[in-house]
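One-letter residues, chain by chain:
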Amino acid sequence: MKKLLLTGFVPFQDHPVNPTEPIVKHLDEKTIGGLQIFGRVLPVDFSESADVCLGHLEEIEPDIVLSLGLAAGRTKITPERVAINCKDGGPDNRGVFVRDEPIVPDGPAAYFSTLPIRRMVDRGYPAQISNTAGTYLCNHIMYSAVLHKIKSENRPVRGGFVHLPASHELAVRQPALPSWSQADLERAVVLMIEVLAEQETAS
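Throughout what follows, the structure given in this document is the object of discussion. (Residues numbered from 1 in each chain as written. Predicted model: local features only at pLDDT ≥ 70, side-chain atom pairs only at ≥ 80, totals over all residues. Heavy atoms only, no water.)

## Notes on the nonpolar core
- Within the largest apolar cluster, 36 residues are counted, with the highest numbers of intra-cluster contacts made by F9 and I141.
- Looking at this core, the elements that each hand over two or more residues are β1 (2–9), β3 (35–42), α2 (49–60), β4 (64–70), α4 (137–152) and α5 (168–173).
- Sort the elements by how many residues they give to this core and α4 lands first, with 9 residues.
- When neighbours within four sequence positions are excluded, I141 is seen to be in contact with F9, L42, S49, A50, C53, S67 and V146. (Core = buried A, V, L, I, M, F, W, Y, C linked by side-chain atoms within 4.5 Å. Buried < 20%, exposed > 50% of the residue type's maximum accessible area, 1.4 Å probe, protein only. Helix = DSSP H or I, 4+ residues; strand = E, 2+ residues; numbered from the N terminus. Contact = heavy atoms within 4.5 Å.)

Shown next, in the form of structure tokens:
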């Protein structure tokens with residue numbers, strides 16, 4: 001059975017709820033479309049997040065990596081097309097700010113997702129491809145812990161990142177945010193995993 005590493009993040013900054021965390025925990029150890037899911041929650045920490053994710057990659061040896069993050073303010077599910085070699089932002093959960101630093105010195109300027117993102121957005125829920133993963137921890141994970149590792153070691157692994165809108169639970173505390181129910185967010189993730197499973201079966 002093929003394996004999928006599914007990652008999310010703990011809450012961060014002024015967001016006391018991160019909807020990716022319960023999704024990852026709930027789907028851990030489940031099987032979807034013939035893919036065995038390994039759910040792992042990452043810290044929001046410039047100095048540790050990538051290393052933690054890379055540790056999971058080495059331990060699990062997945063066939064696919066699907067990383068999730070919160071994009072509070074977005075209204076749709078947004079698979080990311082590209083990750084750039086830049087970290088800029090903060091604070092992380094240790095209070096650290098980073099300015100204009102490369103994620104991998106002398107690394108490529110960018111990597112494209114190797115997931116079937118067009119098929120993922122066409123699956124059913126409101127979704128669109130995003131051309132910017134930002135420069136915070138989500139982009140950091142997509143670039144360094146997923147795509148750079150896979151590409152630089154020529155691993156036969158597909159990988160990419162998807163941003164989710166806020167959940168209703170978060171929007172109750174921050175009323176200006178557009179939001180989805182937690183159940184719909186999870187169902188959208190399951191539908192995307194089904195697309196990935198279909199691709200693996202067809203390849």
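## Focus on the packing of α2 against α4
- Remark: α2 packs on α4, axes separated minimally by 9 Å, with the N-to-C direction vectors making an angle of 35°. In this structure, α2 meets α4 at a crossing whose hand is right-handed. Seen from α2, the contacting residues are S49, A50, C53, L54, L57 and E58; seen from α4, they are L137, H140, I141, S144, A145 and K149.
- Grouping the amino acids of the contact of α2 with α4 by side-chain chemistry returns 7 nonpolar, 3 polar and 2 charged. (Axes fitted to C-alpha atoms, helices over the stretch in contact; angles between N-to-C directions. Left-handed = near helix turned anticlockwise from the far one by under 90°. Nonpolar A, V, L, I, M, F, W, Y, C, P; charged D, E, K, R; others polar.)

## Observations concerning the environment of Q174
- Summarising the element assignment, Q174 is placed in the loop between α5 and β12 (179–180).
- Classification of Q174 as buried rests on a relative accessible area of 17%.
- For the pair formed by Q174 and L196, sequence separation is 22 residues and the distance between their alpha carbons is 33 Å.
- The contact partners of Q174, leaving out residues within four places of it in the chain, are D14 and H15.

## What about the sheet that holds strand β5 (residues 78–79)?
- Across the sheet, 6 strands lie side by side as β2-β3-β1-β4-β10-β5; this open sheet has mixed pairing. Looking at strand neighbours, the two that pair on one side only are β2 (31–32) and β5, the edges of this open sheet.
- With 7 bridges connecting them, β4 and strand β10 (residues 158–164) associate as parallel partners. By the bridge assignment for β10, I64 is matched with R158.
- Sheet strands in contact with α2 are β1, β3 and β4, and its direction is about 155° off that of β3.
- Across the sheet, α4 touches β1, β3, β4 and β10, and the angle it forms with β10 is around 170°. (Pairing = 2+ DSSP bridges.)

## Notes on the packing of aromatic side chains
- Within the structure shown, the criterion is met by 4 aromatic pairs.
- For the ring pair F12 and Y136, a centre distance of 5.8 Å and an interplane angle of 45° mean the geometry is tilted. Of the two residues, F12 sits in the loop between β1 and α1 (20–27) while Y136 sits in the loop between α3 (117–121) and α4, which places them 124 residues apart along the sequence.
- Among the residues examined, F12 registers a relative accessible area of 11% and is labelled buried.
- Residue classification places Y136 among the buried residues on the basis of a relative accessible area of 16%.
- Here a set of aromatic residues connected by ring pairs shows up, and it is made of F12, F46 and Y136. (Phe/Tyr/Trp six-rings, centres within 6.5 Å; stacked < 30°, edge-to-face > 60°.)

## Structural notes on the side chain of T78
- As for its placement among the helices and strands, T78 is situated in strand β5.
- Overall, the relative accessible area of 4% leaves T78 in the buried class.
- Among the polar contacts made by the side chain of T78, one reaches the side chain of R74 at a distance of 2.8 Å.
- Those residues within four positions of T78 in sequence are excluded, and the remaining contacts are Q128, S130, F161, V162 and H163. (Polar contact = N/O pair within 3.5 Å; in protein donor to acceptor, adjacent residues only side chain to side chain.)

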